[in-house]
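# Residue-level structural notes
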Amino acid sequence: MDAMIRLDALTKRYPGQEELAVDNVDMEILPGEIVVLVGPSGCGKTTTLKMINRIIEPTSGRIILEGEDVTDVNPDRLRRRIGYVIQQVGLFPHQTIASNVATVPKLLGWGKERITARVDELLEMVSLEPRIYRDRYPKELSGGQRQRVGVARAMAADPPVMLMDEPFGAIDPITRDRLQNEFLRLQEEIQKTIVFVTHDIDEAIKMGDRIAIFGDNHRIQQFATPEAILSQPANEFVDDFTGTGASLKRLNLVRVRDVDLGEWPTAISSVRREDALAQLDEVDQAFLLLVDSNRRPVRWVSRRDLSRADWNQHVGLPVRAQVPLNATLSDALDEMLTSSVGVAIVVDDGGAYRGIVDIDTVMTAVNTLRAETRERVAVAAWHAPAGAVEEGGA
Amino acid sequence: MAVTGADPRLAAEQAGSPSRLRALVSDPAKAWNTFAIPLIVLIALAALYQYLGGVELTSREAARLNQPELILRARQHVVLSVQIAAWVIAIAVPLGIMLTRPWAKRLTPIFVGIANAGQAIPSIGLLTILAIAIGVGQRGAVIGVTAYCILPVLRNTLVGIQQVDDSIIEAGRGMGMTRQAVLWRIEMPLAVPIVLAGVRTALILAVGTITLGALVGAGTLGVIINSGVVGFSNPVLITGAVLTASVALLIDWVAGIAETVLRPKGL
């Protein structure tokens, strides 16, 4: 299959700066695939994206779009062939939603009726009821709705290529997740060639048919499918970038109620000392968790506490690390690290003991997640366009 | 989600938005805001009329305080003020736009400096110099006061265009709008409220300063005030002052309404 976009030794040096902002980037992007450019701040991913529609003019190198060298053509006309979505959306505040979406069709001189029909079609496509939203102004919309309008506006003239610069970056996590899913569903229909910039490896793995990881040296470190990047990182940089931070971030996606909680020996705080000691011997733990009559955690007591001559209701360690059922595993891990016993106690809405989260719980959850990601990636790779599965140059 | 989330207030605003003039009088609080100034002016004029009816005027005072004379001066005052505002807009807005273009940005400090000087020089001095240079009359007064009023409009045009969010411009350029299209369809409309605020300031400056035109033969209500001062006549002085203040308040009132009506929707 011929490449939709080819970048040929694309390089950018900003005037007065010694270091290159983008160093010799070569890429072939196939029709209908989503290529995600990802990397740390200042790695050149955004500059690369903006050189494709020449918002930033390259210092050297060529840009080939649909087989045509567009490095020196009229940039305004070039941009009307390429959809463009940015993080801040950049809707025109003094124009209605319909007028915003119609920007490029108007530039291309479409007729009025054709524009109206297209605007309604697009608004429906991004799940905004045209009757309600057509005549509104951007300030009357939520952040998520504005970003949908931004996507609709970029698709207005049905360009084969869309550039998206952190399109979901300024949106709250829950809405972002929903927009990502909607967008992936939409992409199955529209089959655009999409170049997508993000700094979030999770988003890259989720959105990308292929991922290009940029390094601190402003070059591409690896350009391959998400599966290949996760299983065969090309170098230490890629391994670092996908590894540590990503696993920790994934803990944010798991709720405590969704994992198998650990068990811990408990006793009513009025328990007889001998019985408590016997219970501790039986389970081979250093601490016993005392709960009140409503099973609310009260104190941790050790064998030594129980053996003290002045044993009373106040001996032992107060319970601090408690998390509710809807906390994330990341919250639980945080609490666990501050706990003197090394576990986070999970309590229900009434404050009653439900179980514990310890390091094993977290590890099990991480392993499950990793397996799930691999599976999803494998499925995505299966659906990716032919050729996209082959490893790109690194 | 989207449908139930619709803000009924916004929907109502939209349903009834054909005329923003109507919105100015739609509820009592707004109507009071809108018509407070004309009401105050009316009361002031009535009080002035009452006062003049109770004082014995000398023949000299009577020569000043007659209807044709007062109307002539008030008309001169308004006409010159509006003329000056028109010149200010015609000069400062295009200049301001030019100075925000990349190729002219470096010239900004020079022009802002000149405009600053125009405002910093005492206007009475400027008018006198111009009267000497080009002769007494309205022309010199208009030129002098125009120079004096350029700064607020120039500065607000600069600020109005510069404050437009970069992301909005980038989105426009990124979709293939030319620089001109971005200027006329995005930057200018979004700058309108701030430019209008500058024009309003300039207009107020012009109405106040043009009273000095009386000293260089340009007429205006300044003539009444001046003869009140020269002739030690309180009735004449008070009449001149009240009329000048009334004209100033009314012109500002009209400018305020224009500001509300001309502001682009959606901002």
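In short, a report on the structure. (Residues numbered from 1 in each chain as written. Chains lettered and ligands numbered in written order. Predicted model: local features only at pLDDT ≥ 70, side-chain atom pairs only at ≥ 80, totals over all residues. Heavy atoms only, no water.)

## As for the overall build of chain B
When you go through chain B residue by residue, the secondary structure sums to 12 helices and 0 strands. N-terminal to C-terminal, the α/β element order of chain B is α-α-α-α-α-α-α-α-α-α-α-α. Each principal axis of the C-alpha distribution contributes one length, and for chain B these read about 75 × 50 × 25 Å. The buried share of chain B, taken over its 267 residues, is 44%. When contacts within chain B are restricted to residue pairs at least 6 apart in sequence, those whose partners lie at least 24 apart make up 77%. (Helix = DSSP H or I, 4+ residues; strand = E, 2+ residues; numbered from the N terminus. Buried < 20%, exposed > 50% of the residue type's maximum accessible area, 1.4 Å probe, protein only. Contact = heavy atoms within 4.5 Å.)

## Regarding a nonpolar patch on the surface
All names here are of chain B. A surface patch of nonpolar side chains, amounting to about 260 Å² of accessible area, comprises Leu21, Val261 and Leu262. Following the sequence through the fold, valine 261 ends up in helix α12 (residues 234–262). Valine 261 sits in the partly exposed class, given a relative accessible area of 31%. (Patch = residues over 30% accessible without salt bridge, like charges linked within 9 Å, V, L, I, M, F, W, Y side chains within 5 Å. Areas by Shrake-Rupley, 256 points an atom, 1.4 Å probe, with all protein chains shown as cover. Salt bridge = Lys/Arg side-chain N within 4 Å of Asp/Glu carboxyl O.)

## As for the packing of helix α8 (residues 138–162) of chain B against helix α10 (residues 179–209) of chain B
Residues and elements named next belong to chain B. Axis separation between α8 and α10 bottoms out at 8 Å; the angle between their running directions is 160 degrees. Of the possible angle classes, the one that applies to α8 and α10 is roughly antiparallel. In this structure, α8 crosses over α10, and the sense of that crossing is right-handed. Its residues assigned to classes, the contact of α8 with α10 shows 15 nonpolar, 6 polar and 1 charged. (Axes fitted to C-alpha atoms, helices over the stretch in contact; angles between N-to-C directions. Parallel < 35°, antiparallel > 145°, perpendicular 65-115°, else oblique. Left-handed = near helix turned anticlockwise from the far one by under 90°. Nonpolar A, V, L, I, M, F, W, Y, C, P; charged D, E, K, R; others polar.)

## Some details on the packing of helix α9 (residues 166–174) of chain B against α10(B)
Residues and elements named next belong to chain B. It is the contact of α9 with α10, at a shortest axis distance of 10 Å, that shows an interaxial angle of 150 degrees. Judged by the inter-axis angle, α9 sits roughly antiparallel to α10. Considering the relative orientation of α9 and α10, their crossing is right-handed. Taken together, the residues of α10 that come into contact with α9 (itself represented by Ile168, Ile169, Gly172 and Arg173) are Arg179, Val182, Ile186, Glu187 and Leu190. Of the residues belonging to the contact of α9 with α10, the class tally is 5 nonpolar, 1 polar and 3 charged.

## Overview of the side chain of Thr103(A)
With respect to the helices, strands and loops of the structure, Thr103(A) is situated in helix α4 (residues 103–107). Those residues in contact with Thr103(A) that lie beyond four places of it in its chain are Phe92(A), Arg153(A), Met175(B) and Met177(B).

## Points about unusual backbone geometry
All names here are of chain A. Within the chain, glutamate 166 stands out as a residue other than glycine whose phi angle is a positive 45 degrees. Within the secondary structure, glutamate 166 sits in the loop between β7 (161–165) and α8 (173–190). Judged by its relative accessible area of 12%, glutamate 166 is buried.

## Describing the packing of aromatic side chains
All names here are of chain A. The full count for this structure, using the stated rule, is 6 aromatic pairs over all chains. Relative to phenylalanine 183, the ring of phenylalanine 168 has its centre 6.4 Å away and its plane inclined at 65 degrees; by these criteria the two rings are edge-to-face. On the criterion of sequence distance, the pair formed by phenylalanine 168 in the loop between β7 and α8 and phenylalanine 183 in helix α8 is long-range, its members being 15 residues apart. Residues phenylalanine 168 and phenylalanine 183 agree in their burial class; the two are buried. Between arginine 114 and the ring centre of tryptophan 110, over which it is positioned, the NZ or CZ distance is 3.6 Å. Lying across the ring of phenylalanine 92, arginine 153 places its NZ or CZ 4.9 Å from the centre. (Phe/Tyr/Trp six-rings, centres within 6.5 Å; stacked < 30°, edge-to-face > 60°. Lys NZ or Arg CZ within 6 Å of the ring centre and 35° of its normal.)

## A short note on the sheet that holds strand β2 (residues 22–29) of chain A
All names here are of chain A. Taking strand neighbours across the sheet as the criterion, the 4 strands line up as β2-β1-β4-β5 in an open arrangement whose pairing is antiparallel. On the outer flanks of this sheet lie β2 and β5 (68–69), each paired with one strand and no other. Pairing of strand β1 (residues 5–12) with strand β4 (residues 60–65), which is carried by 5 bridges, proceeds in the antiparallel orientation. When the bridges of β4 are listed, aspartate 8 appears paired with arginine 62. (Pairing = 2+ DSSP bridges.)

## Here we look at helix α5 (residues 67–100) of chain B
Taking 1.5 Å per residue as the helical rise, α5(B) with its 34 residues ought to reach 50 Å, and the 49 Å between its terminal C-alpha atoms agrees with that figure. Between the side-chain oxygen of the N-cap and the backbone nitrogen of Glu69(B) there are 3.0 Å, and the N-cap of α5(B) in question is Asn66(B). (Expected span 1.5 Å × (residues − 1). Polar contact = N/O pair within 3.5 Å; in protein donor to acceptor, adjacent residues only side chain to side chain.)

## Some remarks on the interface of chain A and chain B
Counting residues at the interface gives 31 residues for chain A and 25 residues for chain B. In total, about 2,500 Å² of surface goes out of reach between chain A and chain B, with carbon and sulfur atoms giving 61% of it. Inspection of the region where chain A meets chain B yields 2 salt bridges. Our enumeration of links across chain A and chain B arrives at 7 residue pairs in polar contact (both at pLDDT 80 or more). Mapped by element, the contributors of at least two residues to the side of chain A that touches chain B are α2 (75–79), β6 (82–86), α4, α6 (130–133) and α7 (143–154) of chain A. (Buried area = accessible area lost by both parts, 1.4 Å probe.)

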